[in-house]
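Overview (structure and organization)
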Amino acid sequence: MATLQEILSENVRESDLYEKLDRNRVRCFACGHCCPIPDGQPGVCKVRFNRGGTLYVPWGYVGGIQCDPIEKKPFFHAYPGALAYSFGMLGCDLHCAYCQNWVTSQALRDPGAVSPPLGATPQELVEQALDLGAKVIVSTYNEPLITSEWAVAVFREAKAAGLITGYVSNGNATPQVLEYLRPWVDLYKVDLKSFDDRHYRQLGGRLEPILDSIRRLHAMGFWLELVTLIIPGFNDSDEELTRMAEFLAGISPDIPWHVTAFHKDYKMTDPDDTPPETLLRAARIGKRAGLRFVYAGNLPGRTEDWENTQCPNCRTLLIERCGFRVLRYNLTATGACPSCGHAIPGRWYPAYKGQLAAMPFLPGRRGRPSRFSILSS
Ligand code: SF4
């Protein structure tokens, strides 16, 4: 029986994001590692590899599909209540010990991470997204930057069909990959994990390329939201949270910042789960730093009014939420506060039509058999 590595090495095509170097080496630009890769070797992510001086990249499969409320991504300022058809491939350029998607992200790196790839075409994915009533299609679950060629192929079809597109990413990008994505990606969520380079090195990355990418994403006009998973003892000091929030506010006070609660996962089981008081402290730090839209996540109903959107001008309640559920929507057709007319930054509906699903579900359930089958060789 073929190994996962053998199956993945057959489901590839040539990359759009590399340059050829001497001695049959290549340099990949899909993520901030910019790996120089010798012939016959993979990059740090393990899923992009050099064969004979050509960089091959994942193609023609998904590692997982799920339908999520867009609030789960989380995007709070983009089409509230929309169904976000979410797909991922396999692999990641980082190896965070607390990854909540480790079954897909750590494939090929951790033998315990087994998520059989399902053969798929961009057309099939988009058809299923439309069948299920999705408005948005999102590349997530593994790091989408490292499988950008496939995401763009899917998003070309998606845009032609009228869907909004999004990335849920660690933000370890390069100028080249962001230029490549700009025509095809509307919404971009970055998971800013720390403001300490030593912490990023523990996770397999560096802080600077991520900060640089956040600046670029905003300057290039992607709709950008930031998330920080607050892990007790890792990134929850007042000093670190303040520096992080001030950095974001310095780019734009209108960037939404989600501070979310950690729960024990994968290999990180030492820290305690994040208590509500820590999230409230982080949220207040964000507000003090000048951010206008700060949200506390993963502890529904336990974080005062930090799940809601209020008008920063007159404090009118604009969107009321509990967890992924949208309880009230109170923006005008142009995305402004109905009381004072203040324009709220984001991507809004001309008319809000309610929420399709407040909880995630798998497309194969609800009586619809999955149309994708497991790849084998
Ligand atoms: S995606 Fe990143 S980790 Fe993977 S080969 Fe390219 S530069 Fe290296």
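Here, the structure is the one placed above.
Residues numbered from 1 in each chain as written. Predicted model: local features only at pLDDT ≥ 70, side-chain atom pairs only at ≥ 80, totals over all residues. Heavy atoms only, no water.

Attention now moves to the site of the ligand. Taken together, Cys28, Ala30, Cys31, His33, Cys34, Cys35, Ile37, Gly43, Val44, Cys45, Arg48 and Ile146 are the residues near the ligand. Its residues assigned to classes, the shell around the ligand comprises nine nonpolar, two polar and one charged. (Near = heavy atom within 4 Å. Nonpolar A, V, L, I, M, F, W, Y, C, P; charged D, E, K, R; others polar.)

So, on to the sheet that holds strand β4 (residues 36–37). The antiparallel open sheet is built from three strands, whose spatial order is β2-β3-β4. The sheet terminates laterally at β2 (18–20) and β4, the two strands that pair on one side only. Of the strand pairs in this sheet, strand β3 (residues 26–28) and β4 are connected by two bridges, and their pairing is antiparallel. From the neighbouring strand, arginine 27 faces β4, where its bridge partner is proline 36. (Pairing = 2+ DSSP bridges. Helix = DSSP H or I, 4+ residues; strand = E, 2+ residues; numbered from the N terminus.)

Contact geometry for helix α7 (residues 207–220) and helix α8 (residues 238–251): axes closest at 10 Å, N-to-C directions at 30 degrees. Considering their axes alone, α7 and α8 lie roughly parallel with respect to each other. Here α7 runs over α8; the crossing is right-handed. Contacts between α7 and α8 involve Leu211, Ile214, Arg215 and His218 from the former and Phe247, Leu248 and Ile251 from the latter. Taken together, the residues of the contact of α7 with α8 sort by class into five nonpolar, one polar and one charged. (Axes fitted to C-alpha atoms, helices over the stretch in contact; angles between N-to-C directions. Parallel < 35°, antiparallel > 145°, perpendicular 65-115°, else oblique. Left-handed = near helix turned anticlockwise from the far one by under 90°. Contact = heavy atoms within 4.5 Å.)

Once that is clear, we can look at empty space enclosed by the protein. Rolled over the atoms, a probe with the dimensions of a water molecule shows which regions are left empty. Applying the stated rule across the entire model yields one cavity of 30 Å³ or more. Roughly 70 Å³ of internal volume is contained in the largest cavity. Forming the walls of the largest cavity are 13 residues, and the residues nearest its centre are Cys28, Cys31, Cys35, Cys45 and Arg48. Class assignment of the residues belonging to the lining of the largest cavity gives a composition of nine nonpolar, two polar and two charged. (1 Å grid on protein atoms, 1.4 Å probe; cavity = no way out; pocket = protein on both sides within 12 Å on 5 of 7 lines; lining within 4 Å. Points joined across faces, edges and corners; volume = space filled by probe spheres on them.)

Our next topic: the packing of α8 against helix α9 (residues 276–288). The contact between α8 and α9 brings their axes to 9 Å, and the two run at 40 degrees. As summarised for this structure, α8 and α9 are arranged oblique, according to the angle between their axes. Crossing hand, α8 versus α9: right-handed. Residues Asp238, Leu241, Thr242 and Ala245 of α8 lie in contact with α9, whose contacting residues are Arg281, Ala282, Ile285 and Gly286. Here the contact of α8 with α9 is built from residues that sort into four nonpolar, two polar and two charged.

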